[in-house]
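Examination of the molecular architecture
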Amino acid sequence: MFDIHTHILPGVDDGAQNLDESLDLARAAVAEGITGLIATPHHQNGRYWNDAAFVTAAVSVLQEIFREKEIPLNLQAGQEIRVYPELLDDLAAGKLLTLGNSPYLLIEFPTANVPHYVSELFYELCLLGKIPVIAHPERNTELANHPDRLKKLIDLGAYAQVTSHSINGGFGRTVQTISLKMLRSNLVHLVSSDAHHIDMRHFALQEAYWRVQKELGREKCQHMKNNAEKIGMGEHMSKFWEEPVASRKTFFSFFRSKSL
Ligand SMILES: [Fe+2]
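Description of the structure in this document. (Residues numbered from 1 in each chain as written. Predicted model: local features only at pLDDT ≥ 70, side-chain atom pairs only at ≥ 80, totals over all residues. Heavy atoms only, no water.)

Looking at the coordination of the iron ion
As a reminder of what qualifies: The donor definition counts N, O and S atoms within 2.8 Å of each metal and applies 3.2 Å to Na, K and Ca; water is not among these atoms, so some sites may look incomplete. For a four-donor site, all angles between 85 and 135 degrees give tetrahedral; for four or six donors, opposite pairs above 155 degrees with the remaining angles between 65 and 115 give square planar or octahedral; all remaining cases count as irregular. Helix and strand definitions follow DSSP, with helices as H or I runs of at least four residues and strands as E runs of at least two, each counted in order from the N terminus. Only protein chains enter the calculation, and the probe is 1.4 Å; a residue is then buried if its accessible area is under 20% of its type maximum, exposed if over 50%, and partly exposed in between.
All of the protein donors around the iron ion are H5 (NE2), H7 (NE2), E80 (OE) and D194 (OD); their distances to the metal are 2.1 Å. In this structure, the iron ion is surrounded by four donor atoms whose angles at the metal cover 83 to 175°, and the resulting shape is irregular. Counting the intervening residues between successive donors of the iron ion yields the motif H-x1-H-x72-E-x113-D. Of the two residues, H7 sits in the loop between β1 (2-6) and α1 (19-31) while E80 sits in strand β5 (residues 80-82), which places them 73 residues apart along the sequence. Across this residue pair, the class does not change: H7 and E80 are buried.

What follows is the structure, encoded as structure tokens:
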């Protein structure tokens, strides 16, 4: 298994706080059958800034430590980029990283909404051959309330990544229900852990894939696993052979009155 979204770099964001915590996460990943992962520290989220050069250097240091400690884990560089208006300028200036040298950028939205300029931004990114992967749409109030808006972004060329803990119920029944509905609607192309810490938010990918298989069947589950592996190899992934379906109806009216 390959995990495209993790906070394993030590002391750079709200993930691993020191090297010991990074190594704990790395060993837990190996124990779960994960062979490679992408370090995606928060970038531009108002609290953390981790630009391309810094992340690349930190990843090489941590990969070397894995080698020394005989932890068989392929570590690659990425970022979880909070969407912001100057994103295209910073991409051109070399401050942003795709996921493991693939064509994909991991993009996070604010919790409550999707900024008005996102459709145009995604269109421009796709023209540049940089394809947005939407991080955990199940935890965005607007997308949970309006699945047709997620479908529109996917139709523009974006992909969507749901978090293992959301599928497993770790963020509560509401987020789990939304995640499963997004999965059944073919609006999700990747599952990853968004792992932060060994105790609170670890990998739980095996369990999530088990639940995906139960919901969607073996073939689609394998397709999602393959998508993550393809990103790890720097290759293009693919969408499902079935079209996404999304009505204008909300996935969960709970979100109308209460945000996550
Ligand atoms: Fe994350």
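Re the nonpolar core
As a reminder, the rule being used: Residues belong to a common nonpolar core when they are buried Ala, Val, Leu, Ile, Met, Phe, Trp, Tyr or Cys residues joined through side-chain atoms within 4.5 Å. When checking whether two residues touch, look at their non-hydrogen atoms; a contact exists if any pair is within 4.5 Å.
One finds I8, F66, L87, F109, F122 and M224 to be the most contacted residues of the largest nonpolar core, which totals 81 residues. The element that contributes the greatest number of residues to this core is helix α2 (residues 52-68), accounting for seven residues. Not counting the four nearest positions on each side in its chain, M224 is found in contact with L183, V188, H189, L190, V191, Y209, V212, L216 and F240.

Describing the pattern of salt bridges
Spelled out, the test is: Salt bridges, as used here, are contacts in which a Lys or Arg side-chain nitrogen is within 4 Å of a carboxyl oxygen on Asp or Glu.
The full count for this structure, using the stated rule, is eight salt bridges. With a closest N to O distance of 2.8 Å, D155 and K151 form a salt bridge. Here D155 pairs with K151, and both are found in helix α6 (residues 147-155), just four residues apart, close to one helical turn. Note that E215 and R184 form a salt bridge whose closest N and O atoms lie 2.7 Å from each other. Linking E215 in helix α9 (residues 205-216) with R184 in helix α8 (residues 173-184), this pair joins segments that are 31 residues apart in sequence. For R184, a relative accessible area of 44% corresponds to the partly exposed category.

Quick look at the sheet that holds strand β9 (residues 190-192)
Short version of the rule: Between any two strands, at least two bridges found by DSSP are needed for them to pair.
In spatial order, the strands read β3-β5-β6-β7-β8-β9; together these six strands make up an open sheet with parallel pairing. Strands with a single pairing partner mark the edges of an open sheet, and in this sheet they are β3 (42-43) and β9. In this sheet, strand β8 (residues 159-163) lies alongside strand β7 (residues 131-135) in parallel orientation, the contact comprising three bridges. Considered in β8, the bridge of A135 is made with Q161.

Digging into the sheet that holds β1
Defined as follows: For every element, the axis is a line fit to its C-alpha atoms; helices are fit only across the contacting stretch, and the angle between N-to-C directions ranges from 0 to 180 degrees.
Across the sheet, three strands lie side by side as β1-β2-β4; this open sheet has parallel pairing. Two strands bound the open sheet, and with one partner strand each, they are β1 and β4 (74-77). When the angles between neighbouring strand axes are averaged without regard to direction, this sheet yields 20°. Here strand β2 (residues 36-39) pairs with β4 via four bridges, running parallel. Residue pairing for β4: I38 is matched across the bridge by Q76.

A short note on α1
Quick reminder of the rule: Here the expected span of a helix is defined as 1.5 Å times the quantity of residues minus one. Within 3.5 Å is the distance limit for a polar contact, defined as a pair of N or O atoms, with the added protein rule that one can donate a hydrogen and the other accept it, and that residues adjacent in sequence qualify only through two side-chain atoms.
Taking 1.5 Å per residue as the helical rise, α1 with its 13 residues ought to reach 18 Å, and the 18 Å between its terminal C-alpha atoms agrees with that figure. S22, L23, L25, A26, A28 and A29 are the residues of α1 that are buried. Looking at the buried side of α1, the elements it contacts are β2 and α2. Where α1 begins, the side chain of N18 points an oxygen toward the backbone nitrogen of D20, at a separation of 3.2 Å. Looking at the residues trailing α1, positive phi occurs at G33, about 95°.

Remarks on the packing of aromatic side chains
Applied cut-off: By convention, a stacked pair of Phe, Tyr or Trp rings (six-membered ring in the case of Trp) has centres within 6.5 Å and planes under 30 degrees apart, an edge-to-face pair has planes over 60 apart, and any other such pair is tilted.
Considering all chains together, one arrives at two aromatic pairs under this definition. Seen from their ring centres, Y104 and Y159 are 5.6 Å apart, and the 80° between their planes marks the pair as edge-to-face. Taken together, the positions of Y104 in strand β6 (residues 104-108) and Y159 in strand β8 put the pair 55 residues apart, joining distant regions of the chain. By relative accessible area, Y104 is classed as buried at 0%. For Y159, a relative accessible area of 8% corresponds to the buried category. Ring centres of F109 and F122 lie 6.0 Å apart, and the angle between their planes is 25°; on these two criteria the pair is classed as stacked. Of the two residues, F109 is situated in the loop between β6 and α4 (118-127) and F122 in helix α4; the sequence distance between them amounts to 13 residues. Residue classification places F122 among the buried positions, given a relative accessible area of 0%.

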